[in-house]
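Listed below are the residues making up each chain.
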Amino acid sequence: MSNRNRVIALIDMDCFYAQVEQRLQPHLWGKPVAVVQYNGILAVSYEARKYGVKRFMNLEKVKEICPEIALCNVPSGEHSDKADLKRYRDASDDVFKVLNGYDSRVIVERASIDEAFLDLTELVDFIIASEDLPEKYSSSLDLFPTTYIADGNDLNEEDNPEWQYDREKTLKIWIHKACNENNNDLLRLAVGAELVEQIRARIKEETQFRCSAGIASNKMMAKLVCSRHKPGQQTVVPDYAFSSILRNTKISSVRNLGGKLGRAIMGKFSIQTMGELSAISLEEISEQFPAQAKWIHAIANGMDEEEVRERDKAISIAVSKNFTGSSALFTVSAVQSWLDGLMKELVKRLTEDQIKNQRTACTLHVGCTMDAQFGKSFQIVTYSSDALYNSAWAIIRNFNKAVDSNAWEPPIVNISLSACRFRDGVDVSSKRITDWICQKAKALVSGEEDNLPSGSFPIPVTDSTDDEAGTSRGFDFIETVEQKPARYVPPEKEFLPESLEDIPEDLLADMPEDIKKELTLYYGQRTPNSGKKQKPEVVPKKKRGAKKRPLTKVVEQPAAKKISDFFTKKE
Ligand code: TTP
Ligand code: CA
Ligand code: CA
């Protein structure tokens, strides 16, 4: 199918993190708000933008130009805590739940935490075949309350003092044209725009969040016009307007041209705009960029055939931490400690992902920046954080050039761990163990188990936001001793605690030998003998009735603040 026949939308949430904070503190709706992380601004509400507040502005300056601004800190302790971005990921899941549930004929591709491409073609075709659209659209424009047509005149790009624009009038003429000139491509876009109005209204209704959208026959143009009338508006760009819209568009603001390639194009041809790029022939482009020439030439004219791919899952799950300036790591113990903390955090997120998406990552990339960037990947055979730590340590230790035994040279300024290449399903071994644990839990909950442990029993807690998002916090434990049986939450999803010690002794005591063996294998699986102590064999330590460990996950409490503390911190 030619890309001209498709109906593609890009939906992007308005000042997303700021709206997440406003939803958490409703008195902030309609007020100037900025979301701050380490004195840097990540998001600015549109009310604050009116005062000139911008991302990356110095906080002193922000307070000066907008004294009433509410500054919401991304919750973080002394150190960076990746888990604190969870509230934004959860909010994103709320939005994707609406998108994915809208209509099975709509293809949804997650493009970022707050953006999605939609391919509406199939649903649009169905509507065109089944409804009398000229009749429907001629009576009222109420179906398009926030729609703009990007015709080049919709923005005063050249600061013309005479500039005037009437959204409704332009829309009316355009809809009339779409319905009466037998112009199927325009009618398809009109139906797409009506659908996107509905989808955005549903997002608002179900999540409280406002968003904007672009609608076009391809991804690149949909993305480009999405921000044209932000916030809370949507923009349709018909193919005939591509060249006038692109004429003054900066090359760097086009999707996929924001980085190196865009800069190289601007440099090689000494140009700034897409209009200038479209004037360069394919032959000339081929001389400079032989591999990308065809694509560049097409994009210059607003042509983009890239498909919308059904995707609701991240391609990789990563944690990373910068140690800039004086916080650079220059001892082996600091590197080990951070690697351990980061790995625990990664495993926590991987396990959440495993439960939610029923998939398992196959490859882990360990990256480390010192005077230069180093990195290496290895195959993931288990989600045990200790085993993964050992494999990662075996890689990272080789980057140390220090002679002194506890020194690290050159100092580390970044560590990153990224898991990718997911395969469907959950490990057979972890599944067997989790099946057994879950069964046991259910038996205890339903009262079938006559020996209800007097101590505690781990049950994965699903908090309300997670519940909404269909995820589970696999590693949190609740105290069930004092609860009535009715309040027990039977684990419906598979889970495995992060470490062997997190499995209560009661459970280990009852565990069949073969499961115990598998569990030992799971936690100790192929653990190289480097860097860190091995996990012990599974041995039930105490008899039933003996004093039990408390149910709540026990976190070591050293005098000083440790990374492990904040990685296990609850929200
Ligand atoms: P954006 O969509 O780029 O911006 P935004 O949603 O805040 O504002 P707009 O209405 O203009 O779309 O980013 C989405 C969220 O991602 C943003 O709210 C905060 C986060 N973010 C970062 O954490 N770091 C960054 O550098 C950027 C650009 C965004
Ligand atoms: Ca956004
Ligand atoms: Ca975005």
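As the structure is a computational prediction, the values presented were derived from the model and not from experiment.

## Some words on the overall build of the chain
Step number 1: From N to C terminus, the chain includes 21 helices and 15 strands.
Step number 2: When each of the 571 residues of the chain is scored for burial, the buried share is 51%.
Step number 3: Sequence separation of at least 24 residues holds for 68% of the intrachain contacts in the chain that already meet a minimum separation of 6.
Step number 4: Carbon together with sulfur atoms contributes 49% to the accessible area of the chain, which is approximately 27,500 Å² in total.

## Points about the coordination of the calcium ion (ligand 2)
Step number 1: At this site the calcium ion (ligand 2) is bound by Asp 12 (OD), Asp 12 (OD), Met 13 (O) and Asp 114 (OD), with donor distances of 2.1 to 3.2 Å.
Step number 2: When the donors of the calcium ion (ligand 2) are listed by position in the chain, the intervening gaps give D-M-x100-D.
Step number 3: If you look at the calcium ion (ligand 2) and the calcium ion (ligand 3), they sit 3.5 Å from each other and are both ligated by Asp 12. Like Asp 12, the residue Met 13 is buried in the burial classification.

## Looking at the sheet that holds strand β2 (residues 33–37)
Step number 1: Ordered by their spatial adjacency, three strands build an open sheet running β3-β2-β4, and the pairing between neighbours is mixed. At either end of the open sheet lies a strand with only one pairing partner, and these are β3 (40–44) and β4 (70–73). Sheet twist, expressed as the mean angle between neighbouring strand axes with direction ignored, is 35 degrees.
Step number 2: Both β2 and β4 contribute to a ladder of four bridges, which runs parallel. By the bridge assignment for β4, Val 33 is matched with Ala 70.

## Re the nonpolar core
Step number 1: Of all hydrophobic cores here, the largest spans 59 residues; its most connected members are Ile 11, Leu 99, Leu 118, Leu 120, Tyr 137, Ile 175 and Ile 203.
Step number 2: At 10 residues, helix α8 (residues 184–207) tops the list of elements feeding residues into this core.
Step number 3: Those residues within four positions of Ile 175 in sequence are excluded, and the remaining contacts are Tyr 137, Leu 141, Phe 144 and Ala 190.

## As for the confidence of the model for the chain
Step number 1: Mean pLDDT over the chain works out to 79, with 74% of the residues at or above the 70 mark.
Step number 2: Contacts from residues 449–495, a stretch scored under 50 in pLDDT, to residues over four places away or in other chains number 119 contacts.
Step number 3: In this model residues 525–571 is a low-confidence stretch, pLDDT under 50, and it forms 98 contacts with partners more than four residues away in sequence or in other chains.

## Considering the pattern of salt bridges
Step number 1: Counted under the stated rule, the structure contains 22 salt bridges.
Step number 2: Across the pair Arg 23 and Asp 94 runs a salt bridge, and its minimum N-O distance is 2.8 Å. With a gap of 71 residues between them, Arg 23 in helix α1 (residues 16–24) and Asp 94 in helix α4 (residues 86–102) connect regions that are remote in the sequence.
Step number 3: Salt bridges linked by common partners bring Glu 109, Lys 219, Arg 255 and Glu 306 together as one network.

## A short note on the pairing of strand β15 (residues 414–424)
Step number 1: Strand direction decides the pairing type here: strand β10 (residues 317–322) and β15, joined by six bridges, are antiparallel. The residue of β15 that forms the bridge with Ser 320 is Ser 416.
Step number 2: Relative to β15, strand β12 (residues 359–369) runs antiparallel, the two being bridged by 10 bridges. Of the residues in β15, the one forming a bridge with Ala 361 is Phe 422.

## A look at the coordination of the calcium ion (ligand 3)
Any two of four tetrahedral donors ideally make an angle of 109.5 degrees at the metal, while pairs among six octahedral donors ideally make 90 or 180 degrees.
Step number 1: Looking at the calcium ion (ligand 3), the protein donor atoms are Asp 12 (OD), Asp 114 (OD) and Glu 115 (OE), and they sit 2.3 to 2.4 Å from it.
Step number 2: Each donor residue of the calcium ion (ligand 3) belongs to the same chain, and together they define the spacing D-x101-D-E.

## A short note on the packing of aromatic side chains
Step number 1: Considering all chains together, one arrives at 10 aromatic pairs under this definition.
Step number 2: Taken together, a centroid distance of 6.4 Å and an interplanar angle of 5 degrees make the contact between Trp 163 and Tyr 165 stacked.
Step number 3: On the accessibility criterion, Trp 163 (32% relative accessible area) is partly exposed.
Step number 4: In this structure, Arg 105 packs its charged tip against the face of Phe 126, placed 4.5 Å from the ring centre.
Step number 5: One cation-aromatic arrangement involves Arg 167 over Tyr 148; the distance from NZ or CZ to the ring centre is 5.9 Å.

## Section: the site of ligand 1
Step number 1: The full set close to ligand 1 counts 13 residues, and Asp 12, Cys 15, Tyr 17, Tyr 46 and Arg 55 are the nearest of them.
Step number 2: Take Arg 49: an N or O atom from its side chain is 3.0 Å from an oxygen atom of ligand 1.
Step number 3: When the free accessible area of ligand 1 is taken as 560 Å², the share hidden by the protein chains comes to 71%.
Step number 4: Those elements that provide at least two residues to the shell around ligand 1 are β1 (8–13), α1, β3 and α2 (46–49).
Step number 5: Taken together, the residues of the shell around ligand 1 break down into seven nonpolar, no polar and six charged.

## A word on the sheet that holds strand β7 (residues 147–149)
Step number 1: In spatial order, the strands read β5-β6-β1-β8-β9-β7; together these six strands make up an open sheet with mixed pairing. Two strands bound the open sheet, and with one partner strand each, they are β5 (107–112) and β7. Each strand axis lies, on average, 20 degrees off the axis of its neighbour in the sheet, ignoring direction.
Step number 2: In this structure, β1 lies alongside strand β8 (residues 211–216), joined through six bridges in antiparallel fashion. Within β8, the position partnered with Leu 10 by the bridge is Gly 214.
Step number 3: Here helix α9 (residues 219–226) sits on the sheet and contacts β1, β5, β6 (115–119), β8 and β9 (234–236); the angle it forms with β8, its principal contact strand, is near 140 degrees.

## As for the packing of helix α5 (residues 121–130) against α8
Step number 1: Contact geometry for α5 and α8: axes closest at 9 Å, N-to-C directions at 110 degrees. The angle between α5 and α8 places the two elements in the roughly perpendicular class. Judged by residue contacts, Thr 121, Leu 123, Val 124, Asp 125, Ile 127 and Ile 128 of α5 engage Asn 184, Leu 187, Arg 188, Val 191, Gly 192 and Leu 195 from α8.
Step number 2: Along the lines of polarity and charge, the residues of the contact of α5 with α8 split into seven nonpolar, three polar and two charged.

## Thoughts on helix α7 (residues 167–180)
Step number 1: Over its 14 residues, α7 extends 20 Å from the first C-alpha to the last, a length consistent with the 20 Å expected when each residue adds 1.5 Å.
Step number 2: Turning to α7, its buried residues are Arg 167, Thr 170, Leu 171, Trp 174, Ile 175, Ala 178 and Cys 179. Down the axis of α7, the sector holding all buried residues measures 160 degrees, keeping them to one side. Along α7, the residues that are exposed and aim more than 90 degrees away from the buried face are Lys 169, Lys 172, Ile 173 and His 176.
Step number 3: Residues of α7 that are buried make contact with α6 (133–139), β7, α8 and β9.
Step number 4: Residue Asp 166 occupies the N-cap position of α7, its side-chain oxygen lying 3.2 Å from the main-chain nitrogen of Glu 168.
Step number 5: Asn 182 lies just past α7 and shows a positive phi near 50 degrees.

Here is what the cut-offs are and how they apply
- Residues numbered from 1 in each chain as written.
- Chains lettered and ligands numbered in written order.
- Predicted model: local features only at pLDDT ≥ 70, side-chain atom pairs only at ≥ 80, totals over all residues.
- Heavy atoms only, no water.
- Helix = DSSP H or I, 4+ residues; strand = E, 2+ residues; numbered from the N terminus.
- Buried < 20%, exposed > 50% of the residue type's maximum accessible area, 1.4 Å probe, protein only.
- Contact = heavy atoms within 4.5 Å.
- Areas by Shrake-Rupley, 256 points an atom, 1.4 Å probe, with all protein chains shown as cover.
- Donors = N, O, S within 2.8 Å, 3.2 Å for Na, K, Ca; no water.
- Pairing = 2+ DSSP bridges.
- Axes fitted to C-alpha atoms, helices over the stretch in contact; angles between N-to-C directions.
- Core = buried A, V, L, I, M, F, W, Y, C linked by side-chain atoms within 4.5 Å.
- pLDDT = per-residue confidence, 0-100.
- Salt bridge = Lys/Arg side-chain N within 4 Å of Asp/Glu carboxyl O.
- Phe/Tyr/Trp six-rings, centres within 6.5 Å; stacked < 30°, edge-to-face > 60°.
- Lys NZ or Arg CZ within 6 Å of the ring centre and 35° of its normal.
- Near = heavy atom within 4 Å.
- Polar contact = N/O pair within 3.5 Å; in protein donor to acceptor, adjacent residues only side chain to side chain.
- Nonpolar A, V, L, I, M, F, W, Y, C, P; charged D, E, K, R; others polar.
- Parallel < 35°, antiparallel > 145°, perpendicular 65-115°, else oblique.
- Expected span 1.5 Å × (residues − 1).
- Arc of directions from axis to C-beta.

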